[in-house]
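# Coordinate inspection notes
Letter by letter, the chains look like this.
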Amino acid sequence: MLNPQLDRRGELIHLLTTEGLPKRHVQRLLDDARGYARSADTAPTLSVPVSPTSFSATSDAIAAPCPVFLSLADDREAYAACATRLSLLPVVLDAQAVDPHAGDPLAQTVAGLQPGVLVLRHAASGAAHCAAAHAAPGLRILNAGDGSHADPLPALALVQAMLNARQDLTNLAVTLVGDVRHCGVARSVIHAMTTLGVPEVRVVAPRTLLPEGLPQLGVRECGSLYEGLLDADVIIVLPLKVEQISGALLPSAREYAHGYGLTPAALAAAKPDALLLPVGALTPGVEVDGDVAASLPPVQAQLADLEQHLRLAALSLLAGDAP
């Protein structure tokens with residue numbers, strides 16, 4: 001069975017997930033992102049001419065440059081800035097076109113879009129694969145997060161941060177702390193790390209917040225926070241969306257913080273130079289205590305920059321293949 005991200009020659013036509021993504025494509029995205037990072041200081045400041053009118057599947061075709069269709073509200077300006085820098089045309093899709101509660105408009109939308117790149121964020125797991133299966137010829141899909149399934153670019157930003165700090169991934173112990181089950185970034189970074197040769201990947205969380213099949217992914221489940229953090233080189237802390245988790249999965253945020261919240265005392269079990277990488281916004285007093293939270297803004301800013309460079313790399317790669 002062919003990988004839906006690749007054509008018959010093995011070249012990348014969609015970026016849907018890091019799962020099954022060949023190592024050479026992962027490395028190319030990281031290498032291209034590093035190139036954009038090196039040129040960032042000398043790049044001119046660009047305006048962002050986002051199309052002021054929504055674009056639906058039945059709209060008239062837009063002439064060159066290659067359009068980048070934006071179906072997301074969060075990060076829309078960031079993707080639009082990347083498209084503009086690459087001389088692509090950012091176009092905002094009608095929100096109804098990919099509304100997960102409006103029947104099955106996603107398949108209809110992607111079947112009617114002209115060649116270009118669709119940046120898709122969707123609440124339903126597997127939506128990006130659905131879009132790729134129904135995409136009109138020449139339309140490339142860039143998954144910006146589909147439910148709890150996958151979110152490849154922020155995951156690759158975490159990997160890039162590890163490479164910047166450690167250079168070699170093949171001797172690291174990396175621990176993920178938090179809600180792996182509902183976090184697409186967590187799944188994506190696990191696949192990326194194992195593809196790139198990280199020898200030890202651990203997870204620490206209440207059993208109800210862990211997915212099935214961790215051993216098959218090459219991941220070790222730890223029974224306690226201390227066990228998970230012991231001599232860890234990198235710690236990835238995941239957000240806990242308390243309002244989205246029922247009482248059956250998580251009795252209380254306070255109980256979670258008591259068993260799995262990161263404090264300076266807990267982090268002392270890791271290596272002295274351990275790298276702490278947050279995924280998204282964290283809540284002081286839940287995933288991390290106040291002292292740890294106060295140390296995170298510089299790291300979060302670095303990760304945001306890395307992700308922006310990866311957006312440039314992914315858009316450039318996919319748009320270059322679009323007619």
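Coordinates for the structure precede this section.
Residues numbered from 1 in each chain as written. Predicted model: local features only at pLDDT ≥ 70, side-chain atom pairs only at ≥ 80, totals over all residues. Heavy atoms only, no water.

This next bit is on the sheet that holds strand E6 (residues 200–204). In spatial order, the strands read E7-E6-E5-E8-E9; together these five strands make up an open sheet with parallel pairing. Lying at the two open borders of the sheet, with one neighbouring strand each, are strand E7 (219–221) and strand E9 (275–278). Neighbour-to-neighbour, the strand axes of the sheet open up by a mean angle of 25°, direction not taken into account. Contacts from helix H5 (residues 152–166) reach strand E5 (173–177), strand E8 (234–237) and E9 within the one sheet, and its direction differs from that of E9 by about 160°. Strands E5, E6, E7 and E8 of the sheet are contacted by helix H6 (residues 184–195), whose axis makes an angle of about 170° with E5. (Pairing = 2+ DSSP bridges. Helix = DSSP H or I, 4+ residues; strand = E, 2+ residues; numbered from the N terminus. Axes fitted to C-alpha atoms, helices over the stretch in contact; angles between N-to-C directions. Contact = heavy atoms within 4.5 Å.)

What follows deals with the side chain of Arg-311. With respect to the helices and strands, the residue Arg-311 is situated in helix H11 (residues 297–321). Here Arg-311 is in contact with Asp-75, Ala-78, Tyr-79, Cys-82 and Leu-153, once residues within four sequence places are set aside.

By size, the foremost hydrophobic cluster in this structure holds 92 residues, and its most contacted members are Leu-142, Met-162, Leu-176 and Ile-236. Sort the elements by how many residues they give to this core and H11 lands first, with eleven residues. Look past the residues within four positions of Leu-176 in its chain and what remains in contact with it is Ala-186, Val-189, Ile-190, Met-193, Val-201, Arg-202, Val-203, Val-204, Ile-236 and Leu-238. Of all hydrophobic cores here, the second largest spans 15 residues; its members include Val-91, Leu-93, Leu-139 and Ile-141. (Core = buried A, V, L, I, M, F, W, Y, C linked by side-chain atoms within 4.5 Å. Buried < 20%, exposed > 50% of the residue type's maximum accessible area, 1.4 Å probe, protein only.)

This part is about the pattern of salt bridges. Counted according to the given criterion, the structure contains 13 salt bridges. One salt bridge connects Asp-273 with Arg-166, and the closest N-O pair in it is separated by 4.0 Å. Of this pair, Asp-273 sits in the loop between helix H9 (264–267) and E9 while Arg-166 sits in helix H5; the two residues are 107 residues apart in sequence, bridging distant segments of the chain. Arg-207 is the partner of Glu-221 in a salt bridge, and the nearest nitrogen-oxygen pair spans 2.5 Å. A residue pair is termed long-range when its members are at least 10 positions apart, and Glu-221 in strand E7 and Arg-207 in the loop between E6 and E7 qualify at 14 residues. Overall, Glu-221 belongs to the partly exposed group, its relative accessible area being 33%. Looking at Arg-207, the relative accessible area reads 61%, which means it is exposed. Bridged by salt links that share partners, the residues Asp-75, Arg-121, Glu-307 and Arg-311 form one connected network. (Salt bridge = Lys/Arg side-chain N within 4 Å of Asp/Glu carboxyl O.)

Turning our eyes to something else, we now look at helix H4 (residues 127–134). Within the sequence span of H4, burial applies to Ala-127, Ala-128, Ala-131 and Ala-132. Projected down its long axis, H4 shows its buried positions confined to an angular sector of 140°, all on one face. Looking at the buried side of H4, the elements it contacts are helix H3 (105–112), strand E3 (116–122) and strand E4 (139–146). (Arc of directions from axis to C-beta.)

A sheet is described by the order of its strands in space; here four strands give the open sequence E2-E1-E3-E4, paired in parallel fashion. The strands lining the two open edges of the sheet, one partner per strand, are strand E2 (89–92) and E4. Strand-to-strand twist across the sheet, computed as the mean angle between neighbouring axes with direction ignored, equals 20°.

In this model, H5 (15 residues) spans 21 Å end to end at C-alpha, consistent with the 21 Å of a helix rising 1.5 Å per residue. Judged by how many residues are buried, H5 sits mostly within the fold: twelve of 15 residues are covered. (Expected span 1.5 Å × (residues − 1).)

Side-chain direction in a regular strand flips from residue to residue, so the side chains alternate between the two faces of the sheet. Among the eight residues in E4, eight count as buried, and that is most of the element. Note that E3 and E4 share six bridges and pair parallel. Residue Gly-116 lies in a different strand from E4, and its bridge partner there is Leu-139. The parallel pair E3 and E4, bridged by H4, forms a crossover whose chirality is right-handed. (Right-handed = clockwise from strand over helix to strand, strands pointing away.)

The alternating pattern of E8 places Val-234 and Ile-236 on one face and Ile-235 and Val-237 on the opposite face, and all of these are buried. As judged from the four bridges shared by E5 and E8, these two strands associate in the parallel manner. Across the sheet, residue Leu-176 finds its bridge partner in E8, namely Ile-236. As paired strands, E8 and E9 are joined by four bridges and run parallel to one another. By the bridge assignment, Val-234 is partnered in E9 with Leu-275.

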